[in-house]
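Residues per chain, in single letters:
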Amino acid sequence: MTRVGFIGAGKVGCSLARYLREGGAELAGFFSRTPSHAQEAADFAGGQAYSDEAKLVAASDVVFITTPDGQLAEVAAKPAATLGDNADGKVFAHCSGALSSDVLAPLREAGASVCSAHPLYAVSSRFDCWQELSRAWFTLEGDAAATAAVEALLASCGNHVAHIAASEKPRYHAAAVMASNLVVGLYQMAADELVTCGFAPNDAQAALAPLFLGNAEHIAAAGTRASLTGPAARGDKATIDAHLSCLSGDASEVYRQLTEVLYRIASL
């Protein structure tokens, strides 16, 4: 059985560890710069809290580095310097959406196999989101041995996996931001327009929720083309012009650009 260890005990580390354990993986445990975080993670997900990073690496076949992106290169350098003859067959993976496996180059140069393994999902909680990861696609890129090892772990949990090139990570991450973070901005723009119409701010966000959630469910189930409604789908230029006449600034430009995208979808 593959033994899995985690360097980093935050939201992604805790969630992924518990999820993989529930899928049948054996957890070696956690190392964190904050020992109490490692202990909390081990108590929650399994395995043990390690005070020595090298011992965690030695006890693991696959090591996920789940630290913030800005710390990945620094964190990778330490085990790379101490691997020695233990590098053969060892797999290291990080979970950044923006960075490629190349950030783990010191480990690759030391003889280990490396990859990135990003869950296409917003992991917002240390102790709750593991239950939602069954919905997530994971995107892999990196060395063949590392991606194969991580894919096998995910396959035991039933997840879909996509493979991309390292050079495509910025574009991939931009796509994820469009479907997740930027939607928050679009929702706020819509709510602001309702406030201008006379809604209370909290009421504006609440009133949009059924429309937003229903549309999201339709898109997830049937795709964008089948879910398209509204004036762009009907070719109703008069209504679109009326909308643009009352919008201003960023809202007007966002509306115009996204309407062009809707026209393209409608023509498919």
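These lines cover the structure that appears in this document, whether it is placed above or below.

Quick notes on the rules
- Sequence order as written defines residue numbering, which begins from 1 separately in each chain.
- A pLDDT threshold of at least 70 governs which residues receive local features in this predicted model, and a stricter bar of 80 or more applies before side-chain atom pairs are shown or counted, although totals over entire chains, interfaces and linings include all residues.
- Side-chain measures here rest on the full set of heavy atoms in the structure, leaving out hydrogens and waters.
- Here a strand pair is declared whenever DSSP counts at least two bridges between the two strands.
- Per the convention used, a helix needs a DSSP run of H or I reaching at least four residues, while a strand needs a run of E reaching at least two, with both numbered from the N terminus.
- In this description, a line fitted to the C-alpha atoms serves as the axis of each element, helices being fitted only across the stretch in contact, and the angle between N-to-C directions of two axes falls anywhere from 0 to 180 degrees.
- In what follows, residue pairs with any heavy atoms lying within 4.5 Å of each other are defined as contacts.
- Angles below 35 degrees are treated as roughly parallel, those above 145 as roughly antiparallel, those between 65 and 115 as roughly perpendicular, and all remaining angles as oblique.
- Each crossing gets its hand from how the near helix is turned against the far one by less than a right angle, where anticlockwise is left-handed and clockwise is right-handed.
- Polar here means any residue other than Ala, Val, Leu, Ile, Met, Phe, Trp, Tyr, Cys and Pro, which are nonpolar, and Asp, Glu, Lys and Arg, which are charged; Gly is therefore polar.
- We call a set of buried Ala, Val, Leu, Ile, Met, Phe, Trp, Tyr and Cys residues a nonpolar core when their side-chain atoms join them within 4.5 Å.
- Relative accessibility thresholds used throughout: buried, under 20% of the residue-type maximum; exposed, over 50%; partly exposed, between the two (1.4 Å probe, protein chains only).
- The span you would expect from a helix comes to 1.5 Å times its residue count less one.
- Two axes define the bend at a residue: one fitted to the seven residues ending there, one fitted to the seven starting there, and the bend is the angle between them.
- Stacked, tilted and edge-to-face are the three classes assigned to paired rings of Phe, Tyr and Trp, where Trp is represented by its six-membered ring and a pair needs centres within 6.5 Å; plane angles under 30 degrees give stacked, over 60 edge-to-face, the rest tilted.
- The working definition used for a salt bridge is a side-chain nitrogen of Lys or Arg within 4 Å of a carboxyl oxygen of Asp or Glu.

1. As for the sheet that holds strand 4 (residues 62-65)
Step number 1: Reading across the sheet, the eight strands line up as 3-2-1-4-5-6-7-8 and stay open at both edges, with mixed pairing between neighbours. Looking at strand neighbours, the two that pair on one side only are strand 3 (48-50) and strand 8 (161-163), the edges of this open sheet. Across the sheet, the mean angle from the axis of one strand to that of its neighbour is 25 degrees, orientation sign disregarded.
Step number 2: Two strands pair when backbone bridges link them, and strand 7 (residues 138-142) and strand 8 are joined in this way by three bridges, in the parallel orientation. Following the sheet pairing, T139 is matched in strand 8 by A162.
Step number 3: Along the sheet, helix 4 (residues 72-82) makes contact with strand 1 (3-7), strand 4 and strand 5 (91-94), crossing strand 4 at roughly 150 degrees.
Step number 4: This element, helix 6 (residues 144-155), spans strand 1, strand 4, strand 5, strand 6 (113-119), strand 7 and strand 8 of the sheet and lies at about 160 degrees to strand 7.

2. Thoughts on the packing of helix 8 (residues 181-197) against helix 9 (residues 201-222)
Step number 1: Interhelical geometry of helix 8 versus helix 9 gives an angle of 125 degrees and a closest axis separation of 9 Å. Taken together, the axes of helix 8 and helix 9 lie oblique to each other. Handedness of the helix 8/helix 9 crossing: right-handed. For the pair helix 8 and helix 9, the contacting residues are V183, Y187, Q188, A190, A191, L194 and V195 in the first and P201, A204, Q205, L208, A209 and F212 in the second.
Step number 2: Class assignment of the residues belonging to the contact of helix 8 with helix 9 gives a composition of eleven nonpolar, two polar and no charged.

3. A word on the packing of helix 7 (residues 169-179) against helix 8
Step number 1: At their nearest, the axes of helix 7 and helix 8 sit 3 Å apart, and the two run at 30 degrees to each other. Relative to helix 8, the element helix 7 is oriented roughly parallel. Residues A176, V177, M178 and A179 of helix 7 touch helix 8, and the partners they reach there are N181, L182 and V183.
Step number 2: Class assignment for the residues of the contact of helix 7 with helix 8 results in six nonpolar, one polar and no charged.

4. Considerations on the nonpolar core
Step number 1: V4, F6, L16, L20, F30, F64 and V150 are the most contacted members of the largest nonpolar core, which has 35 residues in total.
Step number 2: Among residues more than four places away in sequence, those in contact with F64 are V4, G5, F6, I7, L16, L20, A93, C95, A117, V150 and L153.
Step number 3: Membership of the second largest hydrophobic core comes to 20 residues, among which are Y50, V63, L72 and L107.

5. Some remarks on helix 9
In an α-helix, one turn spans 3.6 residues; hence positions three or four apart end up facing the same way.
Step number 1: Along its 22 residues, helix 9 runs 32 Å from first to last C-alpha, staying within 8% of the 32 Å computed at 1.5 Å per residue.
Step number 2: In the structure, helix 9 departs most strongly from a straight axis at A209, where the bend amounts to approximately 35 degrees and where the proline P210 lies between one and four residues downstream.
Step number 3: Regarding helix 9, the residues found buried are A204, L208 and G214.
Step number 4: Residues of helix 9 that are buried in the fold lie against helix 8.
Step number 5: Positioned one or two residues after helix 9, G223 has a phi angle of 95 degrees, which is positive.

6. Side note on the packing of aromatic side chains
Step number 1: Per the stated rule, a full pass over the model turns up four aromatic pairs.
Step number 2: On the numbers, 5.5 Å between centres and 25 degrees between planes, the contact of F6 with F30 is stacked. Remark: F30 occurs in strand 2 (residues 26-31) and F6 occurs in strand 1; sequence separation between them is 24 residues.
Step number 3: F30 gets classed as buried once you look at its relative accessible area, which sits at 0%.
Step number 4: Ring centres of F44 and F127 lie 4.8 Å apart, and the angle between their planes is 65 degrees; on these two criteria the pair is classed as edge-to-face. Of the two residues, F44 is situated in helix 2 (residues 35-45) and F127 in the loop between strand 6 and strand 7; the sequence distance between them amounts to 83 residues.
Step number 5: Three or more aromatic residues link up through ring pairs in this structure, and these residues are F6, F30 and F64.

7. Focus: the environment of S134
Step number 1: Within the secondary structure layout, S134 lies in the loop between strand 6 and strand 7.
Step number 2: Taking the C-alpha atoms as reference points, S134 and N159, separated by 25 residues in sequence, lie 6.1 Å from one another.
Step number 3: Here S134 is in contact with Y19 and N159, once residues within four sequence places are set aside.

8. Observations regarding the pattern of salt bridges
Step number 1: As enumerated under the stated definition, the model contains twelve salt bridges in all.
Step number 2: For R234, the salt bridge goes to D236, with nearest N and O atoms at 3.6 Å.
Step number 3: Taking the relative accessible area as the measure of exposure, D236 reaches 23% and is therefore partly exposed.
Step number 4: Members of the salt-bridge network, linked through shared partners, are R18, R21 and E22.

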